[in-house]
Amino acid sequence: MKRHLRIGLFTDVYYPFISGVVVAVDTLRKALEEQGHKVYIISINNDLKNNKYIKKGNCIKIPGTPIGVMDFSFRFTYPYKSIKYIKDLKLDLIHSHTEFSMGMFAKSIAKKLNIPMVQTFHTLYEDGINYITKGYFPKTSKGILKMYMKTFFNNTIKEVIVPTDKTKDFLKQRYHLKQNINIIPNGIDTKKFDYKKISKKDILKLKKLYKINDHDFVVSWIGRLGYEKRVDYLIDGFKYVVKNKKNVKLLIVGTGPEEKKLKELVTKLNLDNYVIFTGRIDYEQINRYYNLSNVIVSASHFETQGLTLIEAFAASVPVVVIDDKSFTPIVKNRYNGMIFKTKKEYAKCIEYLIDNKNEYEKMKENAYNFSNNFSLATFANKIISVYERVLDDYSSNDNNNKSKKKIFKR
């Protein structure tokens, strides 16, 4: 008989903050709940004006201390009140989505309450550490990070989940993880992005808002404007596109610390008539922007998978991405998108899609069909298989006989 579990998802960030990790955590929550499991989100309260304990539905936010990186906060101690909140949830399993503040809290809770724990590794921190340290002492910073990670991934964590082979190889080679590493691509709510469910009137309103003509080919980037996303690369490469194609627009959807610099770059390259910045967009509205787009692009080497690509597929939108191991497992060249290595190749890919309408339409169809591999049900089943194995191993351990009764007697 299938077990219905009580699962705690620990994360440093959650709504209303928007990031790939937030979307991934919330997608997992929804996928698990659709399978009948009880899911709790345990996060930090990043609201400095209302920095207190917040319990809303199945989400618990613990007060944090600002760390000076974007809007993030940190917990250095875990008072009894926090532990009592978690204890009262009577969790069967802890699933952490961060290696830092709430990840450490998750480990502490797992030990204290004798609950098995799994970890999803979302972010290649070493690729972005220069941003946090502002370029100072890069070797020392990476060395400290390496030591920390090797300590973090100790025996408390029973199994690890990653979205791609690239991430698995990195963890094995850099941190020498001993745990079983499961490759499970992040899932999405494919229905949310399905082009068949989006009103054409809504798309026409967006075109009018951004002064996009019906014959314009819309190239979109969607996400947070951080330096590691390399949106400047996409803007710089777009100058080659407009040399040959005038009915094109580069739509940059989102906001972030690099927005001002990127706007200055657009002006410097005389691309103001071709590049559109939308600013912050509510995630509930983001599906419309995919459906407004003809193609989604990315030049980032920082991704562990790239959720925007899967969301694009569900919207029947091909992608054009840089040659990176995070993307190549899901992007098949000239099947559901195209792959480039240089800025000029990036421009050629865009031109190819504009000029070859039949192939473009076929890629749209392939992208849509391919998105079924990332449905909520498929995603949940793969994650649950890890949970079941961890719980079975945990309950079979003689040292956990007392916990065995607690876990299965429901």
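Before reading further, recall that the structure is shown in the block above.
Nothing here was measured: the structure is a model prediction, and the numbers come from that model.

It is worth spelling out the overall build of the protein at this point. When helices and strands are tallied, the protein shows 16 helices and 16 strands. Buried residues in the protein amount to 57% of all 410 residues. For the protein, the share of sequence-separated contacts (at least 6 apart) that also reach a separation of at least 24 residues comes to 69%. Put simply, the protein shows about 19700 Å² of open surface, and 51% of that area lies on carbon and sulfur atoms.

Take the sheet that holds strand β1 (residues 6-10) next. Strand order in this open sheet of eight strands is β3-β4-β2-β1-β7-β8-β9-β10, and the pairing throughout is mixed. Edge positions in the sheet fall to β3 (54-56) and β10 (180-183), since each of these pairs with one other strand and no more. On average, adjacent strands in this sheet sit at an angle of 20° to one another, irrespective of strand direction. Here β1 runs beside strand β2 (residues 38-45); their pairing, made up of five bridges, is parallel. Paired with G8 across the bridge in β2 is Y40. Docked against the sheet, helix α15 (residues 376-396) engages β1, β7 (93-96), β8 (117-120), β9 (157-162) and β10, running at close to 170° with respect to β9.

A word on the packing of helix α2 (residues 80-87) against helix α3 (residues 101-113). Direction vectors running N to C along α2 and α3 enclose 65°, while the axes themselves pass 11 Å from each other. Taken together, the axes of α2 and α3 are roughly perpendicular relative to one another. Of the two elements, α2 crosses α3, and the hand of that crossing is right-handed. Mapping the contact onto sequence places S82, I83, I86 and K87 in α2 and F105, I109, K112 and L113 in α3.

A cis geometry characterises the amide bond from Y15 onward to P16, with omega recorded as 15°. One non-glycine residue, H176, lies in the positive phi region at around 55°. The topology assignment puts H176 in the loop between α6 (165-175) and β10. Of note in this structure, R230 is not a glycine but carries a positive phi near 55°. As for its placement among the helices and strands, R230 is situated in the loop between β11 (217-222) and α9 (231-244).

Attention now moves to the sheet that holds β11. Read from one edge of the open sheet, six strands run β13-β12-β11-β14-β15-β16, paired in parallel fashion. At either end of the open sheet lies a strand with only one pairing partner, and these are β13 (275-279) and β16 (337-340). Strand-to-strand, the axes of this sheet are offset by a mean angle of 25°, without reference to chain direction. Here strand β12 (residues 248-253) runs beside β13; their pairing, made up of four bridges, is parallel. Each residue of the ladder has a partner; that of L250, found in β13, is V275. Across the face of the sheet, α9 comes into contact with β11, β12, β13, β14 (295-298), β15 (319-322) and β16 while running at roughly 170° to β12.

Procedures and definitions
Residues numbered from 1 in each chain as written. Predicted model: local features only at pLDDT ≥ 70, side-chain atom pairs only at ≥ 80, totals over all residues. Heavy atoms only, no water. Helix = DSSP H or I, 4+ residues; strand = E, 2+ residues; numbered from the N terminus. Buried < 20%, exposed > 50% of the residue type's maximum accessible area, 1.4 Å probe, protein only. Contact = heavy atoms within 4.5 Å. Areas by Shrake-Rupley, 256 points an atom, 1.4 Å probe, with all protein chains shown as cover. Pairing = 2+ DSSP bridges. Axes fitted to C-alpha atoms, helices over the stretch in contact; angles between N-to-C directions. Parallel < 35°, antiparallel > 145°, perpendicular 65-115°, else oblique. Left-handed = near helix turned anticlockwise from the far one by under 90°.

So yeah, pure geometry; function would need other evidence.
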